[in-house]
Amino acid sequence: VPLHLHCLLFGVILSFCWVYIRKYQSRQESEVISTITAICALAIALITSALLPVDIFLVSYMKHPNGTYKEWAENNETRGQIEDTVLYAYYSLYSLLLFCVFLWIPFVYFYYEEKDDDNINKCSQVKNALKYTIGFIIVCAALLLIGAFVPLEAPPNQNGTQWEKMQYLFEELGNNHGVPALSFSISSLTLIGMLAVITYTAYGMSVLPLNLIKGTRSVVYERLENTEDIEEVEHQMENIKAKSVLFCSLDKALHSAGISSGFMVFGTNLTNPLNELLLTLQPVFPLDYVLITVITMYFVFTSMAGIRNLGIWFFWIRLYKIRPKRTRPQALLFLCMILLLIVLHTSFMIYSLAPQYVMYGSQNYLLQVTPGWSPMPPENNTTWTTKTCDADAPQDECTVTRSYLFLHKFWFFSTIYYFGNWVFIGVFLIGLLVSCCKGKKSVIEGEVEADDSDMSEDEYVH
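Per an unreviewed UniProt entry, the chain is named Lysosomal cobalamin transport escort protein LMBD1, and its organism is Oncorhynchus mykiss. Quoted verbatim from the Subcellular location (unreviewed entry) heading of the UniProt record, the comment on the chain is "Lysosome membrane".

Right under this line is the structure:
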């Protein structure tokens, strides 16, 4: 992939994050550190999601359409070097995400929480912020240790001493380059991201298009004509997107290997239109990259709509409102954290939408086929057929993406995501029903409310 394309992509992502954060940042309480933190953390999450199509492209580019390896990729060492490069990229980006979630964002948040007290000095402000942040660091360390030392396979020598068993665990950690530790930590964060997706994205997927269709009680919007055609197209788009998730969930329910495998599907049983489309576009880079970007940004925009309409809640208590030009620094950091976790979960969502594409891209392999009895000698009676790589393919014939190895190291996370997809569909349908029953929004709905503070009202006036 050309370097200038990466630079262009990073520039677009940073520009988008800067525009979005600046749009919601309070004009009265803007803080440089919180703004930079929100922009950088959200950009890192989006860049991480952008690595997925590159990973898929590289494993697909190693083979010809007929299933044989290309000349430069026939050497296992060459393929290993490419895989390690992608693996180290995931290491770096996921480590940065852990740093943002467990250290950087909490510290900046508590720093500004302490700033509300006018009698406190800077040193005490930093000290108190660090004191509260230590709790997040302990949680991060615990997740890394659990992921590193909980063996996925039993030690070979069950009758060995405790020291030999501990030595085996350390050897496994070194051989895997810390992948289980980082995978467990990131997968734990995506569980929180799944809750955010169920809460905000599912609702946003229903409320955003319908609000655009119905508009607001405003003279400008009421002058628009031909909304019937727009409404029909938008409903068709929503139905298609909801059926990608639904098809894959049904496929897993009917044909997967069961709960112990994380509901992994061996082979393709139900036609998945998005999976087929991605496999068709993948050989012509960057068409699949563009589609993955569209899907990711769709999740981001619908999540933004959900957060914008619901606000940030802790159980039944609303902590912050998210409004253009009126969002406080602490609320901005909360918004950034939620979006970061949602973007992190999009990799799992895309796997649910197109599992074969995420695992193997467009790879094929040659399968030896021996027909029934024939007068010809056995060596002349063998034919080869080209098959699409799937979970049944031999390991030495198909290269699994590094993303899949990272995100699906522990089967029980995949099981939770499977049930989460059904909850997501249910919340989406409920949100769609509620949105259809509601009338047009007022122009100032969500901008001025009875429980607004005096400061919020002053901000709105200014």
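> Let's hear about the overall build of the chain: which residues, and what values?
Along the backbone of the chain there are 15 helices and four strands. Contacts spanning at least 24 positions in sequence make up 78% of the contacts within the chain whose residues lie at least 6 apart. Just so you have it, the chain exposes about 23800 Å², and 64% of that area is on carbon and sulfur atoms.

> Hey, could you go over the pattern of salt bridges for me, with residue numbers and the actual values?
If you walk through the whole model with that rule in mind, you get one salt bridge. In this structure, Arg402 engages Glu83 in a salt bridge whose closest nitrogen and oxygen atoms are separated by 3.7 Å. Remark: Glu83 occurs in helix H3 (residues 76–115) and Arg402 occurs in helix H13 (residues 402–407); sequence separation between them is 319 residues. With relative accessibility at 13%, the residue Arg402 sits in the buried group.

> Describe in detail unusual backbone geometry, supporting the description with residues and values.
Even without glycine at this site, Lys325 takes up a positive phi of about 65°. Position of Lys325 relative to the elements: it lies in the loop between strand E2 (317–320) and helix H11 (329–353).

> Before we move on, can you summarise the nonpolar core with the specific residues and values?
If you look at the biggest cluster of nonpolar residues, it comprises 102 residues, and the most contacted ones within it are Tyr20, Tyr94, Ile307, Leu340, Tyr357 and Phe406. Here this core gets 18 residues from one element, more than from any other, and that element is H11.

> Just give me the short version of the confidence of the model for the chain, but keep the residues and values in it.
Considering every residue of the chain, the mean pLDDT works out to 75; 69% of them sit at 70 or more. In this model, residues 218–230 is a region of pLDDT below 50 whose contacts with residues beyond four sequence positions or in other chains number five contacts. With pLDDT under 50 throughout, residues 450–462 is counted as low confidence; its partners more than four residues away or in other chains account for 23 contacts.

> How would you summarise the state of the cysteines if you had to cite specific residues and measurements?
One pass over the full model with this rule turns up one disulfide. With a sulfur-sulfur separation of 1.9 Å, Cys389 is cross-linked through a disulfide to Cys398. The S-S bond linking Cys389 to Cys398 shows a torsion near -75°; that makes this disulfide left-handed. Pair check on accessibility: Cys389 and Cys398 agree, each one buried. In this structure Cys100 is not part of a disulfide, and its nearest cysteine sulfur, from Cys336, lies 7.5 Å away. The exposure class assigned to Cys336 is buried, which follows from its relative accessible area of 1%.

> With reference to specific residues and values, describe the packing of aromatic side chains.
The full count for this structure, using the stated rule, is 18 aromatic pairs. On the basis of an interplanar angle of 40° and a centroid distance of 6.1 Å, the ring pair of Phe99 and Trp104 is categorised as tilted. According to the relative accessible area criterion, Phe99 is partly exposed, its value standing at 38%. Overall, Trp104 belongs to the partly exposed group, its relative accessible area being 24%. Judged by centre distance (5.4 Å) and plane angle (75°), the rings of Tyr109 and Phe110 are edge-to-face. A relative accessible area of 18% means that Phe110 is categorised as buried. One aromatic cluster is present, built from ring pairs that chain together Tyr109, Phe110, Tyr132, Phe136, Tyr320 and Phe334. Positioned over the ring face of Tyr61 is Lys70, at 3.6 Å from the centre of the ring. For the cation-ring pair, Lys131 lies above Tyr132, with the distance from its terminal atom to the ring centre recorded as 5.3 Å.

> Break down H3 for me, citing the residues and quoting the values.
A rise of 1.5 Å per residue sets the reference length of H3, with its 40 residues, at 58 Å; its end C-alpha atoms lie 56 Å apart and thus fit the reference within 8%. Taken as a whole, H3 carries its principal kink of about 45° at Cys100. With a side-chain oxygen lying 2.9 Å from the backbone nitrogen of Glu77, the N-terminal cap of H3 falls on Asn75.

> Can you tell me about the environment of Leu335, naming the residues and giving the values?
Along the chain, the position of Leu335 falls in helix H11. For Leu335, a relative accessible area of 0% puts it in the buried group. In the structure, Leu335 is positioned 314 residues away from Ile21 in sequence and 9.4 Å away in space, judged by C-alpha atoms. If we ignore the near neighbours within four places in the chain, the residues touching Leu335 are Tyr20, Ile307, Ile312 and Ile322.

> Which residues make up the pairing of E2, and what values go with them?
Direction of pairing for strand E1 (residues 312–314) relative to E2: antiparallel, over a ladder of three bridges. Across the sheet, Phe314 pairs through a bridge with Ile317, a residue of E2. If you look at the hairpin formed by E1 and E2, you'll find two residues sitting between the two strands, and Phe315 has a positive phi there, around 55°.

> Outline the packing of H3 against helix H4 (residues 122–149), listing residues and values.
The packing of two helices is summarised by the inter-axis angle and the distance between the axes. At their nearest, the axes of H3 and H4 sit 8 Å apart, and the two run at 155° to each other. The angle between the axes of H3 and H4 places the two elements in the roughly antiparallel class. Considering how the two elements wind past one another, H3 and H4 form a crossing that is right-handed. Taken together, the residues that form the contact of H3 with H4 break down as 18 nonpolar, three polar and three charged.

> Please give an account of the packing of helix H2 (residues 32–61) against H11 that cites residues and values.
At their nearest, the axes of H2 and H11 sit 9 Å apart, and the two run at 5° to each other. Comparing their axes, H11 and H2 come out roughly parallel. When H2 is examined against H11, the residues Ser34, Thr37, Ala38, Ala41, Leu42, Ala45, Leu46, Ser49 and Leu52 are found in contact with a partner set consisting of Pro329, Leu332, Leu333, Cys336, Leu339, Leu340, Val343, Thr346 and Ile350. Residues of the contact of H2 with H11, tallied by class, amount to 14 nonpolar, four polar and no charged.

What counts and how
All residue numbers refer to position in the chain's written sequence, counted from 1. pLDDT decides what is reported in this predicted model: residues at 70 or higher carry local features, side-chain atom pairs at 80 or more are listed and counted, and totals for whole chains, interfaces and linings draw on all residues regardless. Water and hydrogen atoms play no part in the side-chain values, which are based on all heavy atoms of the structure. UniProt positions are given in the numbering used here, feature names are shortened, and annotations may be inferred rather than shown by experiment. For helices the rule is a DSSP run of H or I covering at least 4 residues; for strands it is a run of E covering at least 2, with both sets numbered from the N terminus onward. Between two residues, a contact is recorded if the distance between any of their heavy atoms is within 4.5 Å. Surface accessibility in these figures is a Shrake-Rupley result with a 1.4 Å probe; residues are shielded only by whichever protein chains are displayed. Salt bridge, as applied in this entry: a Lys or Arg side-chain nitrogen positioned within 4 Å of an Asp or Glu carboxyl oxygen. With a 1.4 Å probe rolled over the protein chains alone, any residue whose accessible area is under 20% of its type maximum counts as buried; one over 50% counts as exposed, and the rest are partly exposed. By nonpolar core is meant a set of buried Ala, Val, Leu, Ile, Met, Phe, Trp, Tyr and Cys residues that side-chain atoms within 4.5 Å join together. Per-residue confidence from the predictor is reported as pLDDT, a score between 0 and 100. Here, two cysteine sulfur atoms that lie within 2.5 Å of each other are counted as a disulfide. Pairing of aromatic rings covers Phe, Tyr and Trp, the last through its six-membered ring, and needs centres within 6.5 Å; plane angles under 30 degrees mean stacked, over 60 mean edge-to-face, and all others mean tilted. Think of it as a cone above the ring: NZ of Lys or CZ of Arg counts as a charge over the ring if it is within 6 Å of the ring centre and within 35 degrees of the ring normal. Any helix carries an expected span of 1.5 Å times its number of residues minus one. Here the bend at a residue is taken as the angle between two axes, fitted respectively to the seven residues that end there and the seven that start there. Whenever two N or O atoms come within 3.5 Å, that pair is a polar contact, provided that in protein one can donate a hydrogen and the other can accept it, and provided that, for residues adjacent in sequence, both atoms are side-chain atoms. Here, a strand pair is defined by DSSP locating no fewer than two bridges between the strands. For helices, the axis comes from a line fit to the C-alpha atoms of the stretch in contact; other axes are also lines fit to C-alpha atoms, and the angle between any two N-to-C directions lies between 0 and 180 degrees. For classification purposes, an angle smaller than 35 degrees is called roughly parallel, one larger than 145 roughly antiparallel, one from 65 to 115 roughly perpendicular, and anything else oblique. Note: crossing handedness is left-handed where the near helix turns anticlockwise from the far helix by less than a right angle, and right-handed where it turns clockwise. Gly falls in the polar group here, along with every residue not listed as nonpolar (Ala, Val, Leu, Ile, Met, Phe, Trp, Tyr, Cys, Pro) or charged (Asp, Glu, Lys, Arg).

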